[in-house]
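Each chain is listed here by its residues.
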Amino acid sequence: MDDPIAKVLDDLLRLDDILACMVARQNMISVMPTDSTDSFKPEVHGIWDIIHRAMDDVFNVIREYSQAGLSEMEFRLQDYEALFYVFPDTENALVAIIPALANKGLLEVEMENARREILKVMEDQMTVNG
Amino acid sequence: MNDLEFKAAVEISRKWDGEEVARELSDKIKNKTTSPKFILLFTTIHYEKEFEKILNGLKNEFPDAPLVGGTVAGFMTQEGCYTRGVTALTVDYPNMDIAIGIGHNTKKNPVNASRECTDMLKMNSSTSFFPQKFLFVLTSGTRVPSLLGTGVKRVYKTKIPSYMLSKLLKTSFQTSQKGVGREDIILDEISNRMSDFNIIGGSSIDDNKMEANFQFFSNKIYTNSVVGLSIKTDLPLLLDSQVAVKKTNKIFKAELSGEKYIIKKIDNKPATKTFFENLNWPDSFMDERLHRRTFFYPILFEKQGEIFPEVIGGLIGNNIVCGFDLKSDDVCIGISSKEILINAIKKELENITRSGILKIGIVIYCSALLETLGRDFFKVQEIIKEYYSNSPFLLIATGGEDFCIPNKILKHSNETINMAAFA
């Protein structure tokens, strides 16, 4: 069955300036788009390993402070930026890699829509699982 | 007021396929009204390949409803905030006369385009005597030209003399219809020719890259055009305009180039260098990330007591390129922030709601403000929803904003929030 969270990520990835996106936590990518890293934009493949390592360090901070209300983080690496939108009271975040030159404000609106949709899916799943 | 039935819908679709978008919007509209008097349709640039299907689908369902619209950077409704999607605003009310018009080649000949548009609006308009006259306009906004054959860039470190830059940009209007939108000239002409109409409008734009924009007229797709929709009605019309920028004490004398939207000198010194020095910005800030910074620091001039913020569109050598003509050489650097912006929208809503209970409203909101707010755009939605209660509203983010109340105010500007509502 299609994962509804992967579907949200698929939609986000259709935007030109979303080069890669996923739901992740430290040392673990929880949900990828339907075609996994194959659907990432080609330019991100060359730096994916280093970004992935840097992400794990950011998740250290998220793990430490998410309970205290940390909701958003970002870093710039070479010509790219990684945005982290933390799901409240969890150590999970929606992560997107965008070009450093992208109009970030506009992308943030769709990132927030995706975060809200994923949160709703998670809540629905929790209700079903009791 | 009257007891006639007023129905309105502001609907959105997030589907990707044009036919599905049209079907979803039509179904949602039909749930609220079966015979809309008009349709205002806006999409983000992501739907460029789907425009035809969307427009044909809507025209098939609502053949009698005049339709105008175009691309915008984003939009907001009661339902949510989006920078990807399609939205439609419709109204059904008996005492409402509608006309639509279009003018072409806005960059090559803005005055002619305005005349073409207003002639059509006048020709299609009935001779009804409804007291309220309202005009919505959407003009093709700036399309960044490729100067010096280096692709689309907003920042050139090359030292180009301002007279040569003026020539290049002028040639660009004629050869490729790229350059600034010339919306100020268009608004002046339209307001002259429809002098008893209150006007609200904006500049069509893509996802703030300013590379392409499109206008819709009936089921046809255009670019470099101005489209208008006029409404004559007996419903009270409420209007307000707020600037989301504050003045700083950095005041200058600007020396303009032949093209009045190019500043070549500030206080008799090279413009870009002086602007950077005043903000204590290093040269390394002179890159294609320019807008992320300059949106917060527009250039302001004043005319007849009104503040006109200008977003810096490009830096070409030591020339600062703005979005429209500076009407004064006394300029200052403005400052924008989330707090200033949220206070401006609250003030606007208080002014508007003081005069009546809102039936429906449209807000034209600068796409630069959307870029600066990012995720906090949702906070603006919460504020607007408080004032609109359950009434529908549509906010569109455009590349520039038009506002006119006859004999009171006439302005094309950036970083403003303009609102029109029927009560």
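Residues numbered from 1 in each chain as written. Chains lettered and ligands numbered in written order. Predicted model: local features only at pLDDT ≥ 70, side-chain atom pairs only at ≥ 80, totals over all residues.

**Digging into the overall build of chain B**
Put simply, the rule is: What counts as a helix is a DSSP run of H or I of at least four residues, what counts as a strand is a run of E of at least two, and both are numbered from the N terminus. For the radius of gyration, the atom set is restricted to C-alpha positions; the globular benchmark scales as 2.2 Å times the number of residues to the power 0.38. For every residue, the other C-beta atoms within 10 Å of its own C-beta are counted; 20 or more classify it as buried, 12 or fewer as exposed, and values in between as partly exposed. C-beta atoms are placed from the backbone. With C-beta atoms placed from the backbone, a contact is any residue pair whose C-beta atoms sit within 7 Å.
A tally of helices and strands in chain B yields 10 helices and 27 strands. Against the compact-globule benchmark of 22 Å for 423 residues, chain B has a radius of gyration of 21 Å, which places it among compact chains. Here chain B holds 423 residues, and 54% of them are scored as buried. Taking the intrachain contacts of chain B between residues at least 6 apart in sequence as the baseline, contacts between residues at least 24 apart amount to 83%.

**Some points on the nonpolar core**
This is how the line gets drawn: For our purposes the nonpolar core covers buried Ala, Val, Leu, Ile, Met, Phe, Trp, Tyr and Cys residues that link as a set through C-beta atoms within 7 Å.
A:Val95, A:Ala96, B:Leu40 and B:Tyr365 are the most contacted members of the largest nonpolar core, which totals 166 residues. Discounting residues that sit within four places of it in the chain, A:Val95 has contacts with A:Cys21, A:Met22, A:Ala24, A:Met55, A:Ala82, A:Leu83 and A:Phe84.

**Points about the confidence of the model for chain A**
This is how the line gets drawn: Here pLDDT means the predictor's own confidence in every residue, given as a number from 0 to 100.
Per-residue confidence for chain A gives a mean pLDDT of 91, with 98% of residues at or over 70. Within chain A, helix H1 (residues 4-13) of chain A carries the highest mean pLDDT (96), whereas strand E2 (residues 28-31) of chain A carries the lowest (88).

**Details of the sheet that holds strand E4 (residues 74-76) of chain B**
Strand pairing in a sheet relies on backbone hydrogen bonds, with the paired strands running either antiparallel or parallel. Residue and element names in this part refer to chain B. Applied cut-off: In short, DSSP must find at least two bridges between two strands for them to pair.
Reading across the sheet, the 6 strands line up as E5-E4-E24-E23-E27-E14 and stay open at both edges, with mixed pairing between neighbours. One side of each edge strand has no neighbouring strand; the edge strands of this open sheet are strand E5 (81-82) and strand E14 (237-243). Inspection of the sheet shows strand E23 (residues 360-366) paired to strand E27 (residues 416-422) by 6 bridges, in the antiparallel sense. The partner of Gly361 across the bridge, within E27, is Ala421.

**Considerations on the environment of B:Ser146**
Residue and element names in this part refer to chain B. Inspection of the secondary structure assignment puts Ser146 in the loop between strand E8 (132-140) and strand E9 (155-156). On a C-alpha basis, the gap between Ser146 and Pro282 in space is 26 Å, while along the polypeptide they are 136 residues apart. When neighbours within four sequence positions are excluded, Ser146 is seen to be in contact with Gly151 and Val152.

**Comments concerning the sheet that holds E2(A)**
All names here are of chain A. Inclusion rule: The convention used is that axes are lines fitted to C-alpha atoms, helices contributing only their stretch in contact, and that angles between N-to-C directions extend from 0 to 180 degrees.
Taken together, 5 strands build an open sheet; the order of strands is E2-E1-E5-E4-E3 and the sheet is antiparallel. Either end of the sheet is taken by a strand with one partner, and the two such strands are E2 and strand E3 (72-77). Within the sheet, the average angular offset between the axes of one strand and its neighbour, ignoring direction, is 35°. In the sheet, strand E4 (residues 80-86) pairs with strand E5 (residues 93-99) via 7 bridges, with the strands oriented antiparallel. Paired with Tyr85 across the two strands is Leu94, which belongs to E5. Strand contacts of helix H4 (residues 104-128): strand E1 (20-25), E4 and E5, with the helix running at about 155° to E5, the strand carrying the most contacts.

**Quick look at the domain arrangement of chain B**
Residue and element names in this part refer to chain B. So the rule is basically this: The domain boundaries here were taken from an automatic or database domain assignment. As a working rule, the residues Ala, Val, Leu, Ile, Met, Phe, Trp, Tyr, Cys and Pro are called nonpolar, Asp, Glu, Lys and Arg charged, and the rest polar, with Gly in that last group.
On domain assignment, one finds that chain B holds domain 1 (7-142 + 179-242 + 339-422) and domain 2 (246-335). Summarising the inter-unit geometry, the C-alpha centres of domain 1 and domain 2 are found 29 Å apart. Listed as interface residues are 15 residues of domain 1 and, on the opposing side, 15 residues of domain 2. Elements with a minimum of two residues in the side of domain 1 that touches domain 2: helix H5 (183-193), helix H9 (367-373) and strand E26 (409-413). Per-element tally for the side of domain 1 that touches domain 2: the top contributor is E26, with 4 residues. Considering only residue class, the side of domain 1 that touches domain 2 consists of 4 nonpolar, 6 polar and 5 charged.

**Focus on the pairing of E3(A)**
All names here are of chain A. Both E3 and E4 contribute to a ladder of 6 bridges, which runs antiparallel. Opposite Arg76, over in E4, you have Glu81 as the bridge partner. In sequence, E3 turns back onto E4 through a hairpin of 2 residues, with Gln78 there showing a positive phi of about 50°.

**Concerning the interface of chain A and chain B**
Of the residues lining the interface, 12 residues belong to chain A; the matching set on chain B comes to 20 residues. Looking at the side of chain A that touches chain B, its residues break down into 5 nonpolar, 3 polar and 4 charged.

**Thoughts on the packing of helix H8 (residues 338-353) of chain B against helix H10 (residues 377-388) of chain B**
All names here are of chain B. Filter applied, for reference: For classification purposes, an angle smaller than 35 degrees is called roughly parallel, one larger than 145 roughly antiparallel, one from 65 to 115 roughly perpendicular, and anything else oblique. Helix crossings are classified by the rotation of the near helix relative to the far one: an anticlockwise turn of less than a right angle makes the crossing left-handed, while a clockwise turn makes it right-handed.
Where H8 contacts H10, the two axes come as close as 10 Å, and the packing angle between them is 15°. Classified by the interaxial angle, the pair formed by H8 and H10 is roughly parallel. Here H8 runs over H10; the crossing is right-handed. In contact with Ile342, Ile345, Lys346, Leu349 and Thr353 of H8, H10 contributes Lys379, Val380, Ile383, Ile384 and Tyr387. The residue makeup of the contact of H8 with H10, split by class, is 7 nonpolar, 1 polar and 2 charged.

**Digging into H5(B)**
Residue and element names in this part refer to chain B. Among the 11 residues in H5, 8 count as buried, and that is most of the element. Turning to H5, its buried residues number three or more, namely Glu183, Asp184, Ile185, Ile186, Leu187, Glu189, Ile190 and Ser191. Against helix H3 (110-124), E8, strand E10 (198-204), strand E13 (225-233), strand E25 (401-405) and E26 lie the buried residues of H5.

**Examining the environment of B:Gly74**
Assignment of secondary structure puts B:Gly74 in strand E4. Along the backbone, B:Gly74 and B:Arg84 are 10 residues apart, and their C-alpha atoms lie at a distance of 6.7 Å. Excluding its chain neighbours within four sequence positions, the residues that come into contact with B:Gly74 are A:Leu106, A:Val109, B:Thr44, B:Tyr82, B:Thr83, B:Leu370 and B:Ala397.

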